[in-house]
Amino acid sequence: MLSAEGHDVTVTNVLDPFADEAFMAQVDLVVPVWTMSEIGQAEEAGLLKAVRSGTGCAGWHGGMADSFRNNVEYQFMVGGQFICHPGGIVDYEVNIASDDPIVAGIDDFQMHSEQYFMHVDPSNEVLATTTFKGQHCGIDWVKGVKMPVAWKKRYGRGKVFYSSLGHVATDFDVPEAKEIMRRGCLWAVRP
């Protein structure tokens, strides 16, 4: 998707580049896809420094918000942390909550996927939400809870975008989910 928008894309399956200050200074956008793992101190510091200095960060689902559970500064940068998805794969509605260009012209839509319950930063600029029905796994106390699905924020000079949509690649067959992700990535790219 980013290549189609004219961006050069580098893909790596290691975190080492985050600790390379010269490399990170040239990166305009980081798209982490790293679930339930650990990050070294040098790699975390390098990533956070780059974003504070203007590198954008955009991602989705557990690849960004369930990456490094022990790294609270990383979670602070992201703006949230995954907690659970009651019921596993369920039907739910995504409600557009803003007129921001990332979601402008997109109507509310249905998903059949994991509905993320998260701890979130109240300073996030929420773009879309979902409301829990409280009918799954005996977790009835979340009934009526409106949870952010997509947001944007600043972390220093860097722009950060996150969407909880995207448990599996076919979730992006939902045109609205894919378009929100596309626009969010392009918004976050360092100008």
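Look above for the structure.
Per chain, the residues get numbers from 1 upward, laid out in the order the sequence is written. Only residues with pLDDT of at least 70 get local features here, since the model is predicted, and only at 80 or more are side-chain atom pairs given and counted; chain-wide, interface and lining totals rely on the full set of residues. The basis for every side-chain value is the complete set of non-hydrogen atoms in the structure, without hydrogens or water.

Novice: What is the right way to read the packing of aromatic side chains from this model?
Specialist: Between two aromatic rings, the relevant description is the distance of the centres plus the angle of the planes. In summary, the pairing rule links any two rings of Phe, Tyr or Trp, Trp by its six-membered ring, whose centres are within 6.5 Å, and it sorts them by plane angle into stacked for under 30 degrees, edge-to-face for over 60 and tilted for everything else. Considering all chains together, one arrives at six aromatic pairs under this definition. Ring geometry for F68 against Y74: centres 5.0 Å apart, planes inclined by 75 degrees, an arrangement best described as edge-to-face. Working definition: with a 1.4 Å probe on protein chains only, accessible area under 20% of the residue-type maximum means buried, over 50% means exposed, and in between means partly exposed. Taking relative accessible area as the criterion, F68 reaches 2% and is therefore assigned buried. A centroid spacing of 4.4 Å and a plane angle of 40 degrees characterise the contact between F82 and Y116, whose relative ring orientation is tilted. Note that F82 is positioned in strand β3 (residues 80-84) and Y116 in the loop between β5 (109-114) and β6 (117-120), a separation of 34 residues in sequence. Ring-over charges, as used throughout, are those where CZ of Arg or NZ of Lys falls within 6 Å of the ring centre and within 35 degrees of the ring normal. Geometry around F76 places K153 over its ring, the cationic atom sitting 5.0 Å from the centre. Over the ring of W187 we find K159, and its NZ or CZ is 5.2 Å from the ring centre. Labels follow the DSSP assignment, with helices taken as runs of H or I lasting at least four residues and strands as runs of E lasting at least two, numbered in each case from the N terminus.

Novice: Where do I start with the sheet that holds strand β1 (residues 29-30) in this structure?
Specialist: Where strands meet in a sheet, backbone hydrogen bonds hold them as pairs that are either parallel or antiparallel. As summarised here, the arrangement of the seven strands in space is β1-β2-β9-β8-β7-β4-β5, forming an open sheet in which the pairing is mixed. Looking at the sheet topology across the chains shown, the edges are occupied by β1 and β5. Only strands that DSSP links by at least two bridges are regarded as paired with each other. Note: strand β2 (residues 56-60) against strand β9 (residues 158-163), four bridges, orientation parallel. Of the residues in β9, the one forming a bridge with G59 is Y162. Strands β1, β2, β4 (89-96), β5, β8 (146-155) and β9 of the sheet are contacted by helix α5 (residues 175-188), whose axis makes an angle of about 170 degrees with β9. The contact definition used throughout considers only heavy atoms, calling two residues in contact when any of these lie within 4.5 Å. The angle between two axes is taken between their N-to-C directions and runs from 0 to 180 degrees, where each axis is a line fitted to C-alpha atoms and a helix contributes only its stretch in contact.

Novice: Just to check I follow, could you spell out helix α2 (residues 41-52) for this structure?
Specialist: Along an α-helix, residues three or four apart share an orientation, since each turn contains 3.6 residues. For a helix, the expected span equals 1.5 Å multiplied by the residue count minus one. The end-to-end C-alpha distance of α2, which contains 12 residues, comes to 16 Å, matching closely the 16 Å that a straight helix rising 1.5 Å per residue would cover. Those residues of α2 lying buried are E43, E44, G46, L47, L48, A50 and V51. Looking at the buried side of α2, the elements it contacts are α1 (21-26), β1, β2, α4 (72-78), β8 and β9. Of the residues flanking the end of α2, it is G54, one or two places downstream, whose phi is positive at about 130 degrees.

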